[in-house]
Amino acid sequence: MESGILVKAFGLLETMADGTGWRSLGELAATNGLAKPTCHRVLQCLLGLGYVEKSDPGVYRLTGKMRQLVMGVEERRLVAMAAPILKRLHEKTEETVNLGVLRGERIIYLQVLETSHALRRVVEIHTSDPFFSTALGRAIISYETPQRREFLLSHIEMERRTPKTIIDRDEIERILKKTREDGYAIEHDQNDMGVTCIGAPIFCGSDVVAAISLSAPTVRADRATEALWVRLVREAAARVSTTLNEAEKVTA
């Protein structure tokens with residue numbers, strides 16, 4: 001049983017599901033304790049089934065098919081309901097739009113609509129970022145219970161993503177308090193240098209379940225444009241919340 005192809009296949013899938021993107025054959029083989037020929041053979045099966053894709057240099061990652069399989073029913077429903085609203089926000093701003101949820105202490109990107117601008121931050125679906133340095137994470141965590149916020153801030157080891165990343169706990173708590181008061185989060189150059197991100201929470205009932213964000217190069221974020229983005233992101237998040245809550249009433 002331990003040496004079966006099914007066990008090897010799931011081991012490889014779990015390794016690639018950690019949100020780090022492309023993985024080389026050698027890395028996958030070493031991590032899973034497999035000989036390279038065996039690892040390659042299993043990967044070929046997964047390629048044929050459409051759960052894995054390969055790039056020219058011989059590195060592998062999960063496909064959207066696999067991500068949809070592992071994504072929970074509620075998250076698939078969230079993506080489906082949010083899709084037309086995200087599309088409209090993307091068309092209005094012509095900037096990158098993201099939908100994310102909190103898993104553990106990290107933000108997972110469920111949907112990404114990229115800008116057509118050459119200057120942009122590229123994020124792939126199912127990759128992750130720390131909650132404390134992202135507008136998505138701050139928008140969600142600020143509306144979590146005090147106990148949940150306390151646990152995360154007490155147990156996570158905060159490391160700087162950029163020279164501007166805020167890792168002081170008192171300052172993070174101040175930012176979360178302001179996010180609750182304002183109804184949105186904003187960060188400049190804290191998760192990625194040169195990138196500004198604005199996030200707003202999505203609610204189902206009184207529970208925060210996700211957030212929408214817009215990310216753009218900081219050089220395009222002048223005061224007037226930033227104010228417009230804040231309004232549009234908040235409106236989009238409110239529309240998704242309304243859609244979710246109306247669906248809940250129908251199924252109740």
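What you see is a predicted model, and the numbers here were worked out from it, not measured in a lab.

1. So, the packing of aromatic side chains
This structure, assessed with the given rule, holds two aromatic pairs. Residues Phe131 and Phe132 carry aromatic rings whose centres are separated by 5.9 Å and whose planes lie at 90° to one another, so their mutual orientation is edge-to-face. Each member of the pair, Phe131 together with Phe132, is buried. Ring centres of Tyr143 and Phe203 lie 5.1 Å apart, and the angle between their planes is 90°; on these two criteria the pair is classed as edge-to-face. Placement of the pair is Tyr143 in the loop between α6 (135-141) and α7 (146-155) and Phe203 in strand β8 (residues 195-204), with a sequence separation of 60 residues. Residue classification places Phe203 among the partly exposed positions, given a relative accessible area of 21%.

2. Concerning the sheet that holds strand β4 (residues 96-103)
Hydrogen bonding along the main chain pairs the strands of a sheet, whether they run parallel or antiparallel. Ordered in space as β6-β5-β4-β9-β8-β7, the six strands form an open sheet in which the pairing is antiparallel. In this open sheet, the two edge strands, each paired with only one partner strand, are β6 (128-130) and β7 (185-188). Across the sheet, the mean angle separating the axes of adjacent strands is 30° when strand polarity is ignored. Note: β8 against strand β9 (residues 207-217), ten bridges, orientation antiparallel. The residue bridging Val195 from the neighbouring strand is Pro217, located in β9.

3. Looking at the environment of Tyr184
Topologically, Tyr184 is positioned in the loop between α8 (169-182) and β7. The class for Tyr184 is partly exposed, based on a relative accessible area of 22%. Taking the C-alpha atoms as reference points, Tyr184 and Ala211, 27 residues apart in sequence, are found 9.6 Å from one another. Discounting residues that sit within four places of it in the chain, Tyr184 has contacts with Thr179, Ile198, Gly199, Val230 and Arg234.

4. Structural notes on helix α1 (residues 5-16)
Spanning twelve residues, α1 covers 17 Å between terminal C-alpha atoms, matching the ideal 16 Å at 1.5 Å per step. Of all the residues in α1, the buried ones are Lys8, Ala9, Gly11, Leu12, Leu13, Thr15 and Met16.

5. Digging into the sheet that holds strand β3 (residues 59-62)
Pairing is antiparallel across the open sheet formed by three strands, whose spatial order is β1-β3-β2. Edge positions in the sheet fall to β1 (23-24) and β2 (52-54), since each of these pairs with one other strand and no more. The pairing of β2 with β3 spans three bridges and is classified as antiparallel. Bridging across to β3, Val52 finds its partner in Leu62.

6. Examining the nonpolar core
Within the largest apolar cluster, 29 residues are counted, with the highest numbers of intra-cluster contacts made by Leu78, Leu99, Ile202, Ile212 and Val240. Breaking this core down by element, the ones donating at least two residues are α5 (73-93), β4, β5 (106-113), β8, β9 and α9 (223-251). For this core, the element with the most residues is α9, which contributes nine residues. For Val240, the contacting residues outside a window of four places in its chain are Leu78, Ala82, Ile85, Ile202 and Ile212. The next biggest cluster of nonpolar side chains, apart from the first, holds 24 residues, and it includes Leu102, Ile107, Val123 and Ile141.

7. What to know about a nonpolar patch on the surface
Taken together, the side chains of Ile5, Leu6 and Phe10 present a nonpolar region at the surface, about 320 Å² in accessible area. Here Leu6 shows up in helix α1. A residue is classified by how much of its surface remains accessible, and Leu6, at 55% relative accessible area, is exposed.

8. Things to note about the environment of Ala236
By the secondary structure assignment, Ala236 is in helix α9. Once the C-alpha coordinates of Ala236 and Gln111 are considered, the two residues, 125 residues apart in sequence, prove to be 14 Å apart. Excluding residues that lie within four positions of it along the chain, Ala236 makes contacts with Ile85, Leu89 and Ile212.

Rules behind the numbers
Just so you know, the residues in each chain are numbered from 1, in the order the chain's sequence is written. Owing to the predicted nature of the model, reporting of local features is limited to residues with pLDDT of at least 70; listing and counting of side-chain atom pairs is limited to 80 or more, with chain, interface and lining totals taken over all residues. As a convention, hydrogens and water are excluded, and side-chain values are obtained from all of the structure's heavy atoms. Here is the rule: rings of Phe, Tyr and Trp (six-membered ring for Trp) pair when centre to centre is within 6.5 Å. Planes less than 30 degrees apart are stacked, more than 60 are edge-to-face, and the remainder are tilted. When accessible area is computed with a 1.4 Å probe and restricted to protein chains, residues below 20% of their type maximum are described as buried, those above 50% as exposed, and intermediate ones as partly exposed. A run of H or I in DSSP becomes a helix once it reaches four residues, and a run of E becomes a strand once it reaches two; helices and strands are each numbered from the N terminus. Here, any two strands with at least 2 DSSP bridges between them count as paired. For helices, the fitted line uses only the C-alpha atoms of the stretch in contact; every axis is such a line through C-alpha atoms, and the angle between N-to-C directions lies from 0 to 180 degrees. Whether two residues are in contact is decided by their heavy atoms, any of which lying within 4.5 Å being enough. Each helix should span, by expectation, one fewer than its residue count multiplied by 1.5 Å. In plain words, nonpolar cores are sets of buried Ala, Val, Leu, Ile, Met, Phe, Trp, Tyr and Cys residues tied together by side-chain atoms within 4.5 Å. Patch rule: a residue counts if its relative accessible area is over 30% and it has no salt bridge; like charges are joined within 9 Å, and nonpolar side chains (Val, Leu, Ile, Met, Phe, Trp, Tyr) within 5 Å. Note on areas: Shrake-Rupley, 1.4 Å probe, and residue coverage restricted to the protein chains presented here. Every case where a carboxyl oxygen of Asp or Glu lies within 4 Å of a side-chain nitrogen of Lys or Arg is listed as a salt bridge.

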